[in-house]
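Observations on the model geometry
Letter by letter, the chains look like this.
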Amino acid sequence: MNIRRRVTGVALCLVTTLGAGALAKAQSTQDEVKASKDFPTTTSLTARVSPVFASRRELYRRGWTDLNKNDKKDIYEDSTQPIERRIDDLLSQMTMDEKTAQMVTLYGFGRVLRDELPTVEWKQKIWKDGVGNIDEMHNGWGRGSRSIYATDIQKHVWAMNEVQRFFIEQTRLGIPVDFTNEGNGGLEAVHATSFPTQIGVGHTWDAPLVRDIGRVVGREARALGYTNVYAPILDVARDQRWGRMEEVYGEDPFLVSRLGVEMVSGLQEDLTVASTAKHFAVYGANKGAREGEARTDPQVSPREVENIHLPSFEAAIREAKLMGIMSSYNDYDGIPVTGSHYWLTDRLRTEFGFRGYVVSDSRAVEYLYSKHKVAAGPVEAAAMAVNAGLNVRTDFTPPEQYVTPLRAAVARGLVAPSTIDDRVRDILRVKFALGIFDRPYVKDAAATARLVGAPEHRELALRASRESLVLLKNKDAALPLSKATDIVAVIGPNANDASYATRRYNPHGGKAVTVLEGIRAKLGGKAEVRYAKGVDVVSPNWPRTETLPEPLSDATRTGIDEAVAAAKGAKVAVVVLGDNGLTVGESRSRTSLDLPGRQLELLKAVQATGTPVVLVLINGRPLSINWADENVPAILEAWFPGEQGGTAIADALFGDYNPGGKLTVTFPRTAGQIPLNFPTKPNAQWEGELSRVNGALYAFGHGLSYTQFTYSNLTLQPAAPNGDAMVTVGFDLTNAGSREGDEVAQLYINDVVSSVITYEQQLRGFQRVHLNPGERRHIEFTLRRKDLALLNEKHQWVVEPGKFKIMVGAGSDDIRLTDIFNAGQ
């Protein structure tokens, strides 16, 4: 099932951008496909749907394509030429109309584009001169969900090739389009493999797993015709009320950086696809967790921007050679990011070394005049964004609504032609690097059908679902349950709802396993499994009822009574509560962190029956489950666990899998404590004992197991002076229990005395380790200069001489080993 592509003609000038090793490999591998195979053969499909434009097969020569139709091999058509030389040659042939056409997104069928396939009218559309990218084409979202080109994989491949063929054969220069698509929890396509949403993946703390996920998403994308995936989200979330909490890895910049680098590296391995990370910059700190039109004025100090919100982007660019960035539509300190030369050029390109292309988040350009009021109108907004560093405008409106003002801005002298060349150069660089000019088509639709959702991909999804599970509480070893249990009640609005596997920006067409189905399959008909929904996730008149409670309706009382009846006489009641698409997701921020609707009333009623209760949470943000923590013996956090979620949860409940995930977000006791995060400044989250609730419900890094792990033999080995490595931290980790299991060992540091205030604890290393009973493993982490650096009063990153406290443990609040290291000069 390996679909690693052969990459040719990659320029040496991209070594600093894409990585010398990958490029050397790419340059040494030549495409041996003959001209007769350069265009995909899809006779069975073309017989069903006749293309409007007959194929110009004479353009496809032996080893190259006559893109500009001049009957000679131009430099930009020659895959053996360096990329920058190919770009120079192509730019020299492009008109201003063709250049500006590259600087816009055309949203695909069902979004903006009205046509499933090219039509004769396309020759009069703005994209007759080409287009930068087409987003979400035939991915099955919205009105496009009923298209046969979304639901049938082989027809999908044929249709994507037909659209690409229009740009190769029917435009003057034959510049191919970059097909973009979302990929937060798997590729946003009907048959793609569905992984947990990104917050669930974050809770695995498994860097190799994240890279494997990236590989699968990238390969499925390329096989389906997509060459650019909008993932990962590198925002660091700091407000648990935020609707997009489900889409981030967590609240800690080190963790997000490490997992982000792995995801980008997996996606871009062998230059399979470009990874476009979101959302640059300071997007995850919106005031009061408000969204949509209100997302302005982040309440973040400059030092916190540098310490918390930028490291993940810098790491992805410097280490993984990230090829795409989505610019955010918020401002920072009164300056809209998408109109800021400081953000899109000085920081992103000059400092971080970004060499790919920047797309705008939806309406980010339009907001410059419609919301932020820093531009007089569309022409001025286009000029501001392009001069700032934007390459491609993306929005759910026809592309001419941007290209026409952009061309006017050039004509009025607001944007220099040389600036246009610079922006187009970045776009073409990515297209050339990905090999789209040389291999624009998917050649084997049958191979795509075998690859997308392949059994080994589904197995990886199951592994991710299992590893994302966090055991929050397990009093008196209430879990795991015995498979000999004769009557099990499965109760709750999320017990038999598979919508957790079809989140926005995720796959949305496969068959997901619900918790009820997973438990029934696990018990195999040997037990009576009762089911009662009880209540909906939200109640009537929600969210008004969060501030103005109403009496239970008759229908709600009836549902709770049915759940109580199901629980009575059962040996255990598995109650499955949490979120759905009404309570979390983009533009779904909340004012409370309590269980929404009448779910707490349901839980209390089931608990009152005397039947032992296990609570399973399926949700996208931390919830203030104070009553459950006080009264329910076992609580399993599952997040939105992907298509294999029900199987993974059943495995954990009945002991076939030992949960080992750890929290990457803090669980407050109440929304009134917000902000309540890791990392934090000294005593910044102490709240007193007389008038406020104090402390987190569950701390960052928390997570239990069915076995016990011990930490011992901490050693610190200073590295040679003047090197990048400062100290190696070593220790032994032992499974002291009777079950095999995973432990996430965590390394924290504290700068004991510093010139500026630093954090109480800073995560600087983690490793997920699987150990059999009695097994011991020696773990080592190497601390480097950047791990010890702080931003001093002069805004310089320095390592100050002095003592650093080393802390190793099972969570930020469960430190097992400590020592002191002196950094010296």
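Use the structure listed above.
Residues numbered from 1 in each chain as written. Predicted model: local features only at pLDDT ≥ 70, side-chain atom pairs only at ≥ 80, totals over all residues. Heavy atoms only, no water.

**Here we look at the pattern of salt bridges**
Put simply, the rule reads: A side-chain nitrogen of Lys or Arg and a carboxyl oxygen of Asp or Glu constitute a salt bridge if their distance falls within 4 Å. Under the DSSP-based scheme used, a helix requires at least four consecutive residues in state H or I and a strand at least two consecutive residues in state E, with every element numbered from the N terminus. Only protein chains enter the accessibility calculation, which uses a 1.4 Å probe; a residue is then buried when its area is under 20% of its type maximum, exposed when over 50%, and partly exposed in between.
Inspection of the entire model under this criterion finds 60 salt bridges. Close ionic contact of Lys-99 with Asp-421 constitutes a salt bridge, the shortest N to O distance being 2.8 Å. Pair noted here: Lys-99 is in helix H5 (residues 96–101) and Asp-421 is in helix H17 (residues 417–433), with a separation of 322 residues, a long-range link. Look at Lys-99 and you get buried, because its relative accessible area is 10%. Judged by relative accessible area, Asp-421 falls into the partly exposed class, the value being 24%. Notably, a salt bridge pairs Arg-463 with Asp-206, separated by 3.2 Å at the nearest N-O pair.

**Here's the deal with the packing of aromatic side chains**
Aromatic ring pairs are reported here in terms of the distance separating the ring centres and the angle at which the planes meet. Note the cut-off: Planes of paired rings set the category: under 30 degrees apart is stacked, over 60 is edge-to-face and the rest tilted, where pairs are Phe, Tyr or Trp rings (Trp by its six-membered ring) whose centres lie within 6.5 Å.
Under the criterion given, the structure shown has 26 aromatic pairs. Ring plane angle 85° and centroid distance 6.4 Å describe the contact between Tyr-76 and Phe-437, whose orientation is recorded as edge-to-face. Separated by 361 residues along the polypeptide, Tyr-76 in the loop between strand S2 (64–65) and helix H4 (83–93) and Phe-437 in the loop between H17 and helix H18 (445–451) bring together distant segments of the chain. Neither Tyr-76 nor Phe-437 differs from the other in exposure class; each is buried. Residues Trp-639 and Phe-667 carry aromatic rings whose centres are separated by 6.1 Å and whose planes lie at 65° to one another, so their mutual orientation is edge-to-face. A residue pair is termed long-range when its members are at least 10 positions apart, and Trp-639 in the loop between strand S17 (634–637) and helix H24 (645–653) and Phe-667 in the loop between H24 and strand S18 (709–718) qualify at 28 residues.

**Things to note about the sheet that holds strand S15 (residues 572–578)**
Applicable threshold: By this definition, two strands are paired if DSSP reports at least two bridges between them. All axes are obtained by fitting lines to C-alpha atoms, using only the stretch in contact for helices, and the reported angles, taken between N-to-C directions, cover 0 to 180 degrees. Note on contacts: a residue pair is in contact if any heavy atoms of the two residues lie within 4.5 Å.
Strand order in the open sheet formed by 6 strands is S12-S17-S16-S15-S13-S14, and the pairing between neighbours is mixed. This sheet does not close on itself; its edge strands, each paired only once, are strand S12 (470–474) and strand S14 (528–532). Averaged over all adjacent pairs, the angle separating strand axes in this sheet is 15°, with direction ignored. Packed on one face of the sheet, helix H20 (residues 515–523) meets strand S13 (487–491), S14, S15 and strand S16 (613–618) and runs near 170° to S14. The strands that H24 touches are S15, S16 and S17; relative to S16, the one it contacts most, it runs at about 150°.

**Focus: a nonpolar patch on the surface**
We apply this condition: By definition, no residue in a patch forms a salt bridge, and every one has over 30% relative accessible area; like charges are joined within 9 Å, nonpolar side chains (Val, Leu, Ile, Met, Phe, Trp, Tyr) within 5 Å. For the accessible areas, the method is Shrake-Rupley and the probe is 1.4 Å, while residue cover comes only from the protein chains on display.
A cluster of nonpolar side chains, namely Val-752, Val-753 and Ile-820, defines an oily patch on the protein surface of about 260 Å² accessible area. In this structure, Val-753 sits in the loop between strand S20 (741–751) and strand S21 (762–771). Owing to a relative accessible area of 61%, Val-753 belongs among the exposed residues under this scheme.

**Description of a positive patch on the surface**
This is how it is decided: When charges are counted, neither His nor the chain ends are considered; positive counts come from Lys and Arg and negative counts from Asp and Glu. The atom standing in for a charge is NZ when the residue is Lys, CZ when it is Arg, CG when it is Asp and CD when it is Glu.
Where like charges cluster on the molecular surface, the positive patch consists of Arg-114, Lys-125, Arg-143 and Arg-146. Inspection of the secondary structure assignment puts Arg-143 in the loop between strand S4 (133–135) and helix H6 (148–151).

**Points about unusual backbone geometry**
A cis amide bond links Ala-231 to the next residue, Pro-232, at an omega of -5°. One can find Pro-232 in the loop between strand S6 (228–230) and helix H10 (253–268). The residue after Lys-278, namely His-279, is reached through a cis peptide bond having omega -10°. By the secondary structure assignment, His-279 is in strand S7 (residues 274–280). The backbone phi angle of Asp-333 is positive, close to 55°, even though this residue is not glycine. Along the chain, Asp-333 turns up in the loop between strand S9 (331–332) and strand S10 (335–336).

**Looking at helix H22 (residues 599–607)**
Our working definition: Relevant arc is that of directions from the helix axis to the C-beta atoms, nothing else.
For H22, every residue scored as buried is listed here: Gln-599, Leu-602, Leu-603 and Val-606. One side of H22 carries all its buried residues, which in axial view fall inside an arc of 95°. Looking at the buried side of H22, the elements it contacts are S13, helix H21 (554–567), S15, S16 and helix H23 (626–631).

**What about the pairing of strand S8 (residues 324–327)?**
Here S8 shows no split at all, with Gly-324 and Met-326 on one side and Ile-325 and Ser-327 on the other all buried. One ladder, built from 3 bridges, connects S7 with S8; its direction is parallel. Bridge assignment links Ala-277 to a residue of S8, and that residue is Ile-325. By the bridge criterion, 4 bridges tie S8 to strand S11 (residues 357–360) in an arrangement that is parallel.

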